[in-house]
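# Descriptive structure summary
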Amino acid sequence: MLRLFYFTAVDFFNQINMLYGTITEFCTEQTCYVMSAGPKYEYHWADGHTIKKPIKCSAPKYIDYLMTWVQDQLDDEALFPSKIGKLIQLGWIPEFCFESTK
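Scope of this entry: the structure provided in the associated data block. Residue indices follow the written sequence of each chain, beginning from 1 at its first position. Per-residue local features of the predicted model are confined to residues with pLDDT of at least 70, and side-chain atom pairs are confined, for both listing and counting, to 80 or more; whole-chain, interface and lining totals are unaffected and use all residues. To obtain the side-chain values, all non-hydrogen atoms of the structure were used and water was disregarded.

## Describing the pattern of salt bridges
- The term salt bridge refers to a pairing of a side-chain nitrogen on Lys or Arg with a carboxyl oxygen on Asp or Glu at a separation within 4 Å. Counted according to the given criterion, the structure contains two salt bridges.
- Between Lys 56 and Glu 42 there is a salt bridge, with the nearest N and O atoms lying 3.6 Å from each other. On the criterion of sequence distance, the pair formed by Lys 56 in strand 3 (residues 55–56) and Glu 42 in strand 2 (residues 41–45) is long-range, its members being 14 residues apart.
- Taking the relative accessible area as the measure of exposure, Lys 56 reaches 55% and is therefore exposed.
- Here the term buried applies to any residue with accessible area under 20% of the maximum for its type, exposed to any over 50%, and partly exposed to those in between, with areas from a 1.4 Å probe on protein chains only. When its relative accessible area of 13% is taken as the criterion, Glu 42 is described as buried.
- We note a salt bridge from Asp 64 to Lys 61, for which the minimum N-O separation is 4.0 Å. Of this pair, Asp 64 and Lys 61 are both found in helix 2 (residues 59–75), three residues apart, which corresponds to roughly one turn of the helix.
- Judged by its relative accessible area of 40%, Asp 64 is partly exposed.
- The class for Lys 61 is partly exposed, based on a relative accessible area of 33%. Numbering of helices and strands starts at the N terminus; helices are DSSP runs of H or I of at least 4 residues and strands are runs of E of at least 2.

## Focus: the side chain of Gln 73
- Note on placement: Gln 73 falls in helix 2.
- With a relative accessible area of 17%, Gln 73 lands in the buried category.
- If we ignore the near neighbours within four places in the chain, the residues touching Gln 73 are Leu 79 and Phe 80. What makes two residues a contact is simply this: any of their non-hydrogen atoms within 4.5 Å.

## Quick notes on the environment of Ile 51
- Examined against the element boundaries, Ile 51 turns out to sit in the loop between strand 2 and strand 3.
- Of the residues examined, Ile 51 reaches a relative accessible area of 16% and is grouped as buried.
- Leave out the neighbours within four places in its chain, and Ile 51 touches Trp 45, Ala 46 and Tyr 65.

## Observations concerning helix 2
- Its 17 residues place the ends of helix 2 24 Å apart at the C-alpha level, agreeing with the 24 Å of an ideal helix rising 1.5 Å per residue.
- Looking only at helix 2, the buried set comprises Ala 59, Pro 60, Tyr 62, Ile 63, Leu 66, Met 67, Trp 69, Gln 73 and Leu 74. For a helix, the expected span equals 1.5 Å multiplied by the residue count minus one.

## With respect to the state of the cysteines
- We call a pair of cysteine sulfur atoms a disulfide when they lie within 2.5 Å. Here the structure, examined in full by the defined rule, presents one disulfide.
- Across a sulfur-sulfur distance of 2.4 Å, Cys 27 and Cys 32 are joined as a disulfide pair. Taken individually, Cys 27 and Cys 32 each receive the classification buried, so the pair is uniform in this respect.

What follows is the structure, encoded as C-alpha cells:
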C-alpha cells in the first residue's frame, strides 16, 4: 500500500512538472512577479530548513522551490526507502505559507 502511495506521488509530481512546463513561456519573472491566488492571496516560500522565514518570490521561483523540495522529499531514503524491508515514515507534512494581501 505504501509503495503505491510513493509511485502515485511520483507520477503526480511528474504530471505537474509536465503541466508547468507548458506554461513557462507565459509565466515569467516579469509577467508573474509574485505567486498569488488572485488579488487577495500572496504565497511566500519557506521550507523550514534552508529558508526558515517566508520570502516573497515570483511564481516561477516559487514553483522552482516547490518542485525542488518535493523532489528532495521523494529522494529522501528516510522518507521513502528504496531497500526492501525498511519502513516508510508517514509523519511529514508539507510546509506551505501564504499571507493575505488585504
